[in-house]
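# Results of the structural survey
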Amino acid sequence: MNANSLQNYLEALHRDCAGIDTGAVASYIPELGKADPDWFGIALITVEGHVYQVGDSRQPFTIQSISKAITYGLALEDRGTEAVLSKVDVEPSGEAFNSISLEPETGRPKNPMINAGAIATVALIEGNTPVAKLSHMLDCYEKYLGHPVVIDEDVYRSEKSTGHRNRAIAYLLRNSNIIEKDTDDVLDVYFKQCSLLVTCEDLAMIGATLANNGFNPLTGVRALQDRYVPAVLSVMSSCGMYDYSGAWIYEVGMPAKSGVGGGIVAVLPGQFGLAVFSPRLDERGNSVRGIAVCKKLSADFGLHMFHIGRATASSVIHARYDAAQFPSKRIYEPEQIRILSEWGQKVIVLEIQGDFAFNSAEIVIHESMRAIENADFLIMDFTRVGEIDERALTLITDFIHSLFELSKQVLITGFCQKHEFAKRIKQRIEVTANSPLLDCEDIDHALQWCEQNLLANRVSK
Ligand code: GLU
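For the structure given in this document, a descriptive report is provided here. (Residues numbered from 1 in each chain as written. Predicted model: local features only at pLDDT ≥ 70, side-chain atom pairs only at ≥ 80, totals over all residues. Heavy atoms only, no water.)

### Here we look at the overall build of the protein
Put simply, the rule reads: Numbering goes from the N terminus for both helices and strands, where a helix is a DSSP run of H or I of at least four residues and a strand is a run of E of at least two. Relative accessibility under 20% of the residue-type maximum defines a buried residue, over 50% an exposed one, and the middle range a partly exposed one, all with a 1.4 Å probe and only protein chains included. For this analysis, residues touch if any pair of their heavy atoms sits within 4.5 Å. The Shrake-Rupley method, run with a 1.4 Å probe, gives the accessible areas here. Residue values count only the displayed protein chains as cover. For the charge count, each Lys or Arg is scored as positive and each Asp or Glu as negative, with His and the chain ends excluded. One atom stands in for each charge, and that atom is NZ of Lys, CZ of Arg, CG of Asp or CD of Glu.
In terms of regular secondary structure, the protein is built from 17 helices and eleven strands. Oriented by its inertia axes, the alpha-carbon framework of the protein measures out at about 90 × 40 × 35 Å. The 461 residues of the protein split such that 57% are buried. In the protein, the proportion of contacts linking residues at least 24 apart, taken out of those at least 6 apart, comes to 72%. Of the roughly 18,800 Å² that the protein leaves accessible, carbon and sulfur atoms contribute 50%. Positive and negative charge centroids in the protein, built from 42 and 59 side chains respectively, lie 1 Å apart.

### Concerning the nonpolar core
Under the convention used in this document: Put simply, a nonpolar core is a bunch of buried Ala, Val, Leu, Ile, Met, Phe, Trp, Tyr and Cys residues held in one set by side-chain atoms that sit within 4.5 Å of each other.
Of all hydrophobic cores here, the largest spans 67 residues; its most connected members are Ile-119, Tyr-144, Leu-203, Ile-206 and Leu-210. It is helix α9 (residues 200-211) that contributes the most residues to this core, eight residues altogether. For Ile-206, the residues in contact, after removing those within four places along its chain, are Ile-63, Ile-70, Tyr-141, Tyr-144 and Leu-145. Listed in part, the 65 residues of the second largest apolar core include Cys-17, Ile-388, Val-410 and Ile-425.

### Quick notes on the packing of aromatic side chains
We count it as follows: Working definition: rings of Phe, Tyr and Trp (its six-membered ring) pair if their centres are within 6.5 Å, and the pair is stacked with planes under 30 degrees apart, edge-to-face with planes over 60 apart, and tilted otherwise. A ring has a charge above it when a Lys NZ or an Arg CZ is no more than 6 Å from the ring centre and no more than 35 degrees off the ring normal.
Following the criterion strictly, the structure yields nine aromatic pairs and no others. Geometrically, the ring pair formed by Trp-39 and Phe-277 is tilted, given 6.0 Å between the ring centres and 40° between the ring planes. One end of the pair, Trp-39, is in the loop between α1 (5-18) and β1 (41-46); the other, Phe-277, is in strand β7 (residues 272-277), with 238 residues separating them in the sequence. Considering the side-chain rings of Phe-272 and Phe-358, the 5.5 Å spacing of their centres and the 70° angle between planes classify their relative orientation as edge-to-face. Of this pair, Phe-272 sits in strand β7 while Phe-358 sits in helix α14 (residues 358-372), placing them 86 residues apart in sequence. We note that Phe-272, like Phe-358, is buried. Between the NZ or CZ atom of Arg-289 and the centre of the ring of Phe-40, over which it lies, the distance is 5.0 Å. The lysine or arginine in question, Arg-391, covers the ring of Phe-301, its NZ or CZ lying 5.6 Å from the ring centre.

### Considering the pattern of salt bridges
Heads up, the condition is: For this analysis, a salt bridge means a side-chain nitrogen from Lys or Arg found within 4 Å of a carboxyl oxygen belonging to Asp or Glu.
Taken as a whole and judged by the stated rule, the model has 16 salt bridges. A salt bridge links Arg-108 to Asp-89; the shortest N-O distance between them is 3.4 Å. Of this pair, Arg-108 sits in the loop between α3 (81-87) and α4 (115-124) while Asp-89 sits in the loop between α3 and α4, placing them 19 residues apart in sequence. Notably, a salt bridge pairs Arg-108 with Glu-103, separated by 2.8 Å at the nearest N-O pair. Overall, the relative accessible area of 17% leaves Arg-108 in the buried class. Several salt bridges share partner residues, and in doing so they unite Asp-38, Arg-280 and Arg-289 into one network.

Next up, the structure:
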């Protein structure tokens, strides 16, 4: 069944942003210049493991700077916070990704998201040889993604043959003993980590894993120890979007990391990972469409991480049952009882609770889709719902429309204390089918209406 309004929303967002054609594909590494400027994908994966994707979300491209966040987490696991902080600070540099932002006294790079800090971080991860370091890194990616990753050999060669500035940075780091071993070995792994091939879906999975406290939401495998998740998300928040990081966190409000390959991964802790891929970059190196998508999604659903009071996923559905398990209180004849116990599974009740925002709407829609697949009637009870977010309401009303189109009956109960909500939903939904939609004051009345329909249909057949 394709009755998913979040999917529809993302498709519309993709259509809207596909018209943006400003920005240019990175060409300072010749191989990157070969990307198609029109590639454009969006993927969103929730901590429950629900996957939404649109456009070129399965087109492979190189991860570039987004790898810096993964390696930072790995270095923290391998060496611990203190050892890592002694080599790489966590202050935003306010400068370009390839700036030589080093502390004057110690030579310590400003943060792990600029090249200097990332190269120093590669030096920190376990492995005495480049091969050992790389294989350790690839194992880590496999945990995040649930599948192995490979290197784009052409991009790697191109990075290596043109990476003179990175070499200069590495020598400075060696000079101040931030890197304690051979710079060529470290750089080789750095160039390779930038050249790893990922898709937008992969990046969303990385985001969802970070959002899920370090556990991949589909495989359940731990990719990062939960005690280091806040550290990685913190540097993504303060330094992840090059010298646009301050404005980004102010406007979008999600820790994120972008790369010159055109990818952006954003994380809403406890909720989802969002990834956008579009290789047209602005002058700071961020994907132009990527920024537009994240800004719009965040604004539409009020997703800034400092918006508080959201319902948590596990608390959204108070109860889910069907009319065979819990029929109405009405008294029926034995034959009617027999029919209703046979056909009662066609009536599903979902009792929703908590504030109704983006994540709760997504969960309700997802649950409802599963529940209604083999049923004909859906009763959604809002008695326990508090605040109702405007855009979340739009998602739900779009969803109800799509159920009508599939000839499913939807009844909403428990809204009497919430007149404003009832008004808003009535404005949006033209009740064309002969469903009472909003006219049943409570679940029992709604159940009775559905039971009458079931009985009428069975008798007429
Ligand atoms: N490979 C790139 C470099 O070091 C990474 C750049 C990026 O994505 O910011 O030049």
